[in-house]
Amino acid sequence: MRALRFVGIRLVGMLVVLLIVVFCTYVVFYLVPTDPAQQSCGRPCTPQNLAIAREFMGFDVPWWQQFLTFLGGIVAGRTFGSGATAIHCPAPCFGYSFQQNATVLDLIGERIPVTFSLALGAALLWLVIGVATGVLAALRRGRPLDRALMVASVAGVSAPTYLVGLLGILVFGFTLDMVPVNGYVPLTESPVDWAWHLVLPWLVLAFVHAATYLRLTRSQMLDALGEDYIRTARAKGLRESTVVGKHALRNALLPVVTLFGIELGSLLGGVVITERVFGMPGLGGLLIDAVHQHDLPLLLGCTLFSAFIVVLANVVVDLCYGVLDPRARLT
Amino acid sequence: MSSPRLSVENLSVEFSTDGAWHPAVRQVSYQLDAGQVLAVVGESGSGKTVTALSLLGLLPATARVTGRALLDGTDLLGLDAAELRAVRGNRVGMVFQEPMSALNPVFTIGDQLVEAIRVHRDSSRAQARQRALDLLRLVDLPDPEQRLRAYPHELSGGQLQRVVIAMAMANEPAVLIADEPTTALDVTVQAEILALLRDLRDRLGVAILLITHDMGVVADIADHVVVMRDGRVVEQGPVAAIFTEAHQDYTKQLLGSVVSLTASATAQPVPEPDPGAEIVARDGHVAVAAHPAHRSIPDSAAVNPALLLDNLSVSYGGRFRSLVVRAVDRVSLHVEPGEVLGLVGESGSGKSTIAAAVTGLVTPSGGQVQVAGVDITRLGRRAARTARGRIGVVFQDPASALNPRATIASSVAEPLRLHRVLAGAALERRVDELLDAVHLSTSLRNRFPHELSGGQRQRVCIARAVALNPDLLIADEPTSALDVSVQAKILDLFADLQRELSFACLFISHDLAVIQQVADRVAVMHRGHLVEQGPTRAVLTAPLHPYTRRLLAAAPVADLAEQRRRRQAWQELNAAGHRG
Amino acid sequence: MRRRNLLRGLALVTAAASAVALAGCNANARNTASTQTQTATTGGTLYILSDAATQNYDPAKSANLATTSLALVHRRLTAWNVAPGQPAAVVPDLTTDTGKPSDDGRTWTYTLREGLKFSDGTPIRSQDVKWGVERSFAPAFTGGGLGYHKTLLVGGADYRGPFEGQRLASIETPDERTLVFHLARPYGDWPWIVSTPAFAPVPEGKGAEADYSEHPVASGPYQLAEYQKGVRAKLTRNPNWDKNTDSVRSALPDEVVFQLGQDTTVISQRLVADSGDDRFAFGASFVSPAQLAQLQNNASAKQRVVTSKSGALAYLALNTQKGPLADPKVRQAFQYAVDKSAYQIASAGSAQLAGDIATTLITEGIPGREQYDLYPTQPTGDPDRAKQLLAEAGYPNGLDNLDFVVANTNNLPEKAQAVQASLARAGIKTNIRSIDRDAYDAEVTGNQVNYDLTLSSWQPDFPSANANLQPLFASSEIGNGGYNLSRYRNPEVDQLIERAQSTVDPTEAGRQWAEIDKKIQQDSPVVPLIYTRNSFLHGSKVANFFIADFPAYPNYLQIGVTP
């Protein structure tokens, strides 16, 4: 019962956060001095043309009214224009992109597999690499291996993804000609090609992110190894591998899991730079296009989706935390 | 008696820092027989813990150990890693100081017990689980089956220490090393744990190496005593000899500096309360009749109190309709100018919450906190700040109470600057005066906290607390983190300052001996209620409330005969409790 | 002013100005050129790498040039004949000629060629062209297309498209091959107007759906076989296109594949690497000056850079309605004060990379353009002359506190600093205010303005001086989203513009436009700076890759690949 109520409270909280996000996006968009209808006005942009575009897209009413219409569309769907040229956006309608001629939901749906493939694969990779090297560094604290890993991690933390991506393309794509550098093949089409095209972006993302995990795992591991219960475990006569692998790691991983969940959540909302560099049609690219084209409906949809994923990731992290750490459990 | 169970011979330990070797233990030798408790006594830094850890190879890699440690004839120091693992938790069990952190928070009690059993025994999970249950019964943990499924945070400190002892006993060790096993526990729990250890020694014949700083504990349980100082054994012998005819000055000093509770418990009969009366009273001495109490006693008449709490309540929790915990429940008390009120209670009794409410760290959920007649809970932010400027505070841990990046002088000057009392040369002069008042050399002005000893740091805290000539001083366990000899000096200093500056003081402590030394009146807290209050002497010699009696009986004193009497009283009280 | 696709919009190329290009050491030799080491053959697949995520093949919503992607799929009534070294010319596309004017240029009659077919095999009729034009008036399809015809056709101002039942009476289709357009006023550039995307045929009655762009009925040599947003657009041959009816498209490759949503830096990197399919590819976006500098070390890649000879006009606009700048003499002082060579350095590092110094308002490659210089001086300017003019105008101590607004994109703040420094030599003190692109657009095209000076650039939508001058200097283009940034208002010029627009004879019209050009410059509302250059990079197997004098983009219709 308590767990159910907890989930219920979290869901309501999520809805409130998402509402605030929509609201803020609307307000922010209306604070910038650009008319979204201007994009659909054509050239020369006569006042008549502008008025027609505005009316058709529903930008001719005050922003708060648009906001309410948007909320209504989620429940009931929306129709733009009338007659033969009417555009219908079925419920739940999160808006319609006039520039891409599709509902925002469809656009996001098309791109989810790309971003998810990219983010999940990379995340798994960097988690494994980061945690493994972090544990290794902690166990070899102060020795050459630890120092080398720490230096490498500084490079990883400070290197911009864009630069690492370009270098990766140059070295592994063009110079060594080992992996494809561009494009995305759906998993359903060819699992091998799918993975093959993703290898380099995965590695690039993993390199950039694993460094953080290395550092975090290392410091958490050092903290954990200094805890009294580790001494207790040793005093029990446990093998060092059990002491480290079971008693220390399990505790050291708690903050790592939190960071991982939240980072993965924000990545699932769009891996902007990596998608761009590797020509992958993911959510990040969609967001960038929306911003550049002043495509308010799409921008709103992307923002909302990212917010949804991030909030969801937070809930999942909270629940996972309860599983991993009994102290955080609801009793 | 045959050869000793454990024989430590010429054991030395050195630590390497930056390539140089620093000795921590020098040429220590002692012997421990089966069925005996050997107490290793010393203040912090004496090397008593390092010695014990070195026996099982639990010191960090920077340590170098020489000498011999024979366990039933086998030299522990000569074992390789695998052989050592076979000894750890098997032939030698270990119990640590902090039961709260000694167990892994993410595994159940059962998992950790089973692990300890199975690492040395070829038994199935079910068998190991059965054994774990037996062990929990052995250490008198109620509801053992439920406890097996519990996580460490779901148990109290005393229960956890029982689990740790059970774990140490899992494989019927020949030697149990207990490193300050009761220091982190409340006195009543301490008494229970000591009784358990005594029981294990007697029933299973295990040899116990007890490391402690508390001469009261020594008096309570030890058969033999080893006194250590600066890594050396300065004196050792049977416990009676140490207590009655210590040869070494250091041992005498150690015994002498113990702030000891001289009042004997349960000396006087308790008047039978009138049936139905909620309050018992005798002269100026009042207590709640019921145990456990459901209410607090009313305050005695105040004349012109420096601090007055009127029906103060503090609640925690309550979000999402979760359980509301009343940490303090309608407590009324007062402190007159120049008076020291000792507030006594165990952890969780609410005594520190009262300090927090007075200093503004928590917001009361009801009642008043009057300082010099003004209710500070109703003041605006600015006015409350000014009012709190008249309150000095000293906390338990001087290390964390001082900003590590501020010099001593600037820490002491902080309240003066904050309340814009003094500046420039006048400020500097005042700081020197204050340092002088707490017997610190003014040459320490520009030192940083980490360059000072614990006692010196606490003196700095006290100087800071009295910097504004407060009307009221809140001292929250100011000596608990200090060694006994330091503790005594700080208490002396405190008494001097109090006489000199004649501030009112709310002195909070779990230690009845400390309270006895400093307090004019004593108030006893139990589970959020004020259960007893009266003149110090009356409360400590003729307690009215059953809880106060338990508290008094449980506090060990560094006197063999007296401690024996107390133990007796404790057992009687417990037996009475069980009967009732 | 933000354009979703660089290929789609050419008119206001402020954004393009910095992405302009160079020609390297041997720039002059290759400026006008293509790299025709090999000749293109029929067949193969041409790849086009684009940074845009989407491609629009709906003619109603398109602002595409007549020589780029949309023209591979859709033919219009007329087309552009462009070649290096000669001005762009209007030529028939679907029609037999470029239009017969009557009624002083108020009525234009076109005859479709015989045997034209849509990709679905149905004949292309005059009614289909009319339907396509009408469709561009529908509110659902106003999205971003070129709409010069909308105010010119009689009744166009109030027309809301054919889907609500009304037809546009000013377009007559007496038979299946004849089209008659009735204009509200005489308009000599109508043959250019009918080369805009809206004059591509759409089968009558079709195209009501919003995503017509993703499955258009083709009239050109290619049809859209596959379209994935953000991924690719694949064009395959239209079997019903007859080469004999089409003089402007050589349609060499069998397939054209657009790879969409690519990072520009990665595009350059891939084209430099020149491996696999990338050998048959070219980049649709400009090669930036930074990328060009890198290419200098790569002989192979350097060979494959093509740079335009000319391009958009970059200019300094002077707000003719504000303070001392209202005085033409003061404005003329600016013509001497500005150091144009410093501007070249600031925009691309060298004069070669940036583009030639401009003295006229009509850009190069436009028919009728006359080269002249009303304010001759050396490239670095003549501060003394400027001071003298200012003194004559009553400002012997120069000017103070002029507000100089620029967008904070495309290196514009740095360029503004170069201009600021040169103005300071003549005692003209300015305060640069660099603001966000959106805020900038809103301010300079709005009705209330505070700025004195601003930097911008412009390239015409169609190759007529009309498209150079009218949008920038007609008083009707002040505010309300118009691009008359110098707020220039001269009734005489307005009259002359209208007269030139009404002149049907292109030669006579050209002469008039050249005169207007000088006339405007006498008032000095802007200081022409340079004609900016665009550079493109292509793979080693791409042939027939050239950039004409206008537009400063490769002609997609002629590009082919070698095996």
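Residues numbered from 1 in each chain as written. Chains lettered and ligands numbered in written order. Predicted model: local features only at pLDDT ≥ 70, side-chain atom pairs only at ≥ 80, totals over all residues. Heavy atoms only, no water.

**Comments concerning the nonpolar core**
Right, so step 1: C:Phe181, C:Trp190, C:Phe258, C:Leu316, C:Phe334 and C:Leu455 are the most contacted members of the largest nonpolar core, which has 241 residues in total.
Right, so step 2: A per-element tally of this core places helix α7 (residues 191–225) of chain A first, with 14 residues.
Right, so step 3: Dropping the residues within four chain positions of it, C:Trp190 is found in contact with C:Trp108, C:Tyr110, C:His149, C:Leu152, C:Leu153, C:Phe181, C:Leu183 and C:Phe199.
Right, so step 4: B:Ala357, B:Val460, B:Leu473 and B:Leu491 belong to the second largest nonpolar core, which has 89 residues in total. (Core = buried A, V, L, I, M, F, W, Y, C linked by side-chain atoms within 4.5 Å. Buried < 20%, exposed > 50% of the residue type's maximum accessible area, 1.4 Å probe, protein only. Helix = DSSP H or I, 4+ residues; strand = E, 2+ residues; numbered from the N terminus. Contact = heavy atoms within 4.5 Å.)

**Details of the side chain of C:Asp274**
All names here are of chain C.
Right, so step 1: Structurally, Asp274 can be placed in the loop between α6 (264–273) and β11 (281–283).
Right, so step 2: Classification of Asp274 as buried rests on a relative accessible area of 16%.
Right, so step 3: One polar contact links Asp274 to Ser540, side chain to side chain, over a distance of 2.8 Å.
Right, so step 4: Beyond its immediate chain neighbours, meaning those up to four positions away, Asp274 contacts Arg279, Arg304, Gly539 and Ser540. (Polar contact = N/O pair within 3.5 Å; in protein donor to acceptor, adjacent residues only side chain to side chain.)

**Concerning the interface of chain A and chain B**
Right, so step 1: On the chain B side, the residues contacting the 25 residues of chain A number 27 residues.
Right, so step 2: Summing the contributions of chain A and of chain B, the shared interface buries around 2,500 Å²; its carbon and sulfur component is 59%.
Right, so step 3: Looking only at chain A, the three residues that lose the most surface to chain B are A:Arg231, A:Ala235 and A:Lys236, adding up to 25% of its buried area.
Right, so step 4: With a closest N to O distance of 2.8 Å, A:Lys236 and B:Glu115 form a salt bridge.
Right, so step 5: The interface formed by chain A and chain B contains 11 residue pairs in polar contact (both at pLDDT 80 or more).
Right, so step 6: Elements with a minimum of two residues in the side of chain A that touches chain B: α1 (2–31), α8 (228–235) and α9 (240–268) of chain A.
Right, so step 7: Within the side of chain A that touches chain B, the residues separate by chemical class into seven nonpolar, six polar and 12 charged. (Buried area = accessible area lost by both parts, 1.4 Å probe. Salt bridge = Lys/Arg side-chain N within 4 Å of Asp/Glu carboxyl O. Nonpolar A, V, L, I, M, F, W, Y, C, P; charged D, E, K, R; others polar.)

**Details of the sheet that holds strand β5 (residues 74–75) of chain B**
All names here are of chain B.
Right, so step 1: Taken in spatial order, the four strands line up as β2-β1-β4-β5 in an open sheet, and their pairing is antiparallel. The open sheet is flanked by β2 (20–32) and β5, the only strands paired with a single partner.
Right, so step 2: Across the sheet, helix α1 (residues 48–55) is in contact with β1 (6–17), β2 and β4 (63–71); its angle to β1 comes to roughly 105°. (Pairing = 2+ DSSP bridges. Axes fitted to C-alpha atoms, helices over the stretch in contact; angles between N-to-C directions.)

**Structural notes on the packing of aromatic side chains**
Residue and element names in this part refer to chain B.
Right, so step 1: Applying the stated criterion to the full structure yields 30 aromatic pairs over all chains.
Right, so step 2: Relative to Phe507, the ring of Phe494 lies with its centre 5.1 Å away and its plane at 70°, an arrangement referred to as edge-to-face. Placement of the pair is Phe494 in helix α18 (residues 484–501) and Phe507 in strand β20 (residues 504–509), with a sequence separation of 13 residues.
Right, so step 3: Accessibility expressed as a relative area gives 6% for Phe494, which makes it buried. (Phe/Tyr/Trp six-rings, centres within 6.5 Å; stacked < 30°, edge-to-face > 60°.)

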